[in-house]
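Residue-level structural notes
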Amino acid sequence: MKAAFVSIVGRPSAGKSTLLNKMCGYKVSITASVPQTTRNKIRGIVNREEGQIVFIDTPGFHHNDRKFNIMLKDVVRSSLKEADLVLYVLDTTRKPGIEEQDLVELLKDHRDRIIIALNKVDHSHSAVEEVTAFITENLPEVRWVQTSAVTGEGLDELLSGIYSLSPEGEQMYPDDFYTDQDPEFRVSEIIREKAIVRTREEVPHALYVDIADMEVNEDTLWIRAFLTVERESQKGILVGRGGQVIKEIRQAAQKEIKGLFPYKIHLDLRVKVNPKWRKHDGVIRRLLG
Ligand SMILES: Nc1nc2c(ncn2[C@@H]2O[C@H](COP(=O)(O)OP(=O)(O)OP(=O)(O)O)[C@@H](O)[C@H]2O)c(=O)[nH]1
Ligand SMILES: [Mg+2]
């Protein structure tokens, strides 16, 4: 049977996580319209008769000098080393820029084990011809498929292409696994997504989630979590007037978490300030896994 690790790389917001979720049939990776939503290597598993594909979603590759971004790039480089194949996702609603050039340079040496998704073809601003031309010029010989992670267009073809490039091997996870993330991590990601979509500008990037406690007592899963930001002003935004924003985040997260566990959910969610956490290697390493 076929068995492969496939690393999903691409510019922030290209649709890597949305594509992964659609291929797996489950939401394994959070998504949002702000760039750099994904911070960890997240595994999503596709099981078919032909074999098992383990996808590794990666943080978006970003052309920026801040420490966090440099470490994100390292994550992309290391997953190129670890994976059998690379799925390179391009957003066809944006012209290929300096980030694409950087990525193409990194990928050139892996030409025989790359497949490309030209994504968001459903979008009214999709300039698919232009982006296809960029690829045929810079990565000739590499197979590409036009996809929409929203409508599912092209995804069967993409998966078939991935299976055909995959080596033979032993299955790595049981048939019914669609991810390997531990419960605490999934809970923290759901909370983070709900906070990201309700805030803007610098707040989505300034926050991380700490799970202080998670335990089952009779029929209820008790979760105590902190949304951590860098500044008091950001804390104010997350709490909102009269606590409205944090309440909405908690309710939305609780609802989604409920779908994952056979328990009632009690989520105690608070906001905490940890100045400059993005400058501390320790916190960043822990977050990037
Ligand atoms: N119209 C359209 N929108 C898409 C498509 N794929 C993703 N999106 C949207 O694009 C935005 C970014 O999607 P993500 O899946 O979070 O992108 P990503 O590449 O994982 O981004 P990072 O984790 O930040 O690197 C979200 O608002 C998605 O809904 C698509 O095929 N068509
Ligand atoms: Mg993502």
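Every value quoted in this text rests on a predicted model; they were computed, and no experiment measured them.

Brief notes about the overall build of the protein chain
The secondary structure content of the protein chain amounts to ten helices and nine strands. Expected size for 289 residues packed as a compact globule is a radius of gyration near 19 Å; at 19 Å, the protein chain falls within 12% of this value. Counting only C-alpha atoms and orienting by the principal axes, one finds that the protein chain spans roughly 55 × 40 × 35 Å. A fraction of 72% describes how many contacts in the protein chain between residues 6 or more apart in sequence connect residues 24 or more apart. If you sum the accessible surface of the protein chain, you get close to 13800 Å²; carbon and sulfur atoms cover 48% of it. Distance between charge centroids for the protein chain: 8 Å, based on 42 positive and 44 negative side chains.

A short note on the environment of Gln251
Relative to the elements of secondary structure, Gln251 occurs in helix α9 (residues 244-258). In the structure, Gln251 is positioned 18 residues away from Leu269 in sequence and 9.9 Å away in space, judged by C-alpha atoms.

Some points on the coordination of the magnesium ion (ligand 2)
The coordination sphere of the magnesium ion (ligand 2), as far as protein atoms go, consists of Ser17 (OG) and Thr38 (OG1), spread over 2.0 to 2.1 Å. Highlighted residues: Ser17 in helix α1 (residues 16-24) and Thr38 in the loop between α1 and β2 (42-48), separated in sequence by 21 residues. Relative accessible area serves as the criterion here: at 7%, Ser17 is assigned to the buried category.

Section: the pattern of salt bridges
All chains considered together, the criterion is met by 17 salt bridges. Lys27 serves as the salt-bridge partner of Glu256, at 3.1 Å between the closest nitrogen and oxygen. Of this pair, Glu256 sits in helix α9 while Lys27 sits in the loop between α1 and β2; the two residues are 229 residues apart in sequence, bridging distant segments of the chain. The salt bridge involving Glu202 is made with Arg231; its shortest N-O contact spans 3.5 Å.

Considering the side chain of Thr38
Take Thr38: its relative accessible area is 7%, and that puts it in the buried class. Polar contacts involving the side chain of Thr38 include one to the side chain of Ser17, which spans 2.8 Å. Thr38 has contacts with Ser17, Ser29, Ile30, Asp57, Thr58, Pro59, Gly60 and Arg192, leaving out every residue within four places of it along the chain.

Remarks on the site of ligand 1
Around ligand 1, 23 residues are found, and the nearest of them are Lys16, Thr18, Gln36, Thr37 and Asp122. Here ligand 1 has 650 Å² of accessible area as a free molecule, and 87% of this is covered by the chains. The element that contributes the greatest number of residues to the shell around ligand 1 is α1, accounting for three residues. Taken together, the residues that form the shell around ligand 1 break down as six nonpolar, 13 polar and four charged.

A word on the domain arrangement of the protein chain
For the protein chain, the assigned domains are domain 1 (2-165) and domain 2 (183-288). Distance between the C-alpha centres of domain 1 and domain 2: 27 Å.

Re the pairing of strand β1 (residues 2-10)
Walk down a regular strand and you will see the side chains alternate between the two sheet faces. Most of β1 is tucked away: nine of the nine residues are buried. Because side chains alternate across β1, one face comprises the buried residues Lys2, Ala4, Val6, Ile8 and Gly10, and the other comprises Ala3, Phe5, Ser7 and Val9, equally buried. Judged from the seven bridges that link them, β1 and strand β3 (residues 51-57) form a sheet pairing that is parallel. For Lys2, the partnering residue across the bridge sits in β3 and is Gly51. Of the strand pairs in this sheet, β1 and strand β4 (residues 85-91) are connected by five bridges, and their pairing is parallel. Looking at the pairing, Ile8 lines up with Leu87 of β4.

Some words on the packing of helix α6 (residues 183-196) against α9
Axis separation between α6 and α9 bottoms out at 9 Å; the angle between their running directions is 140 degrees. Taken together, the axes of α6 and α9 lie oblique to each other. For the element pair α6 and α9, the recorded crossing hand is right-handed. Of α9, the residues touching α6 (which contributes Val187, Ile190, Ile191, Glu193, Lys194 and Ala195) are Ile249, Ala252, Ala253, Glu256 and Ile257. In terms of residue class, the contact of α6 with α9 is made up of eight nonpolar, no polar and three charged.

Each value, and the rule that gives it
Residues numbered from 1 in each chain as written. Chains lettered and ligands numbered in written order. Predicted model: local features only at pLDDT ≥ 70, side-chain atom pairs only at ≥ 80, totals over all residues. Heavy atoms only, no water. Helix = DSSP H or I, 4+ residues; strand = E, 2+ residues; numbered from the N terminus. Rg over C-alpha atoms; globule rule 2.2 N^0.38 Å. Contact = heavy atoms within 4.5 Å. Areas by Shrake-Rupley, 256 points an atom, 1.4 Å probe, with all protein chains shown as cover. Lys, Arg positive; Asp, Glu negative; His and termini not counted. Charge placed at Lys NZ, Arg CZ, Asp CG, Glu CD. Donors = N, O, S within 2.8 Å, 3.2 Å for Na, K, Ca; no water. Buried < 20%, exposed > 50% of the residue type's maximum accessible area, 1.4 Å probe, protein only. Salt bridge = Lys/Arg side-chain N within 4 Å of Asp/Glu carboxyl O. Polar contact = N/O pair within 3.5 Å; in protein donor to acceptor, adjacent residues only side chain to side chain. Near = heavy atom within 4 Å. Nonpolar A, V, L, I, M, F, W, Y, C, P; charged D, E, K, R; others polar. Domains from an automatic or database assignment. Pairing = 2+ DSSP bridges. Axes fitted to C-alpha atoms, helices over the stretch in contact; angles between N-to-C directions. Parallel < 35°, antiparallel > 145°, perpendicular 65-115°, else oblique. Left-handed = near helix turned anticlockwise from the far one by under 90°.

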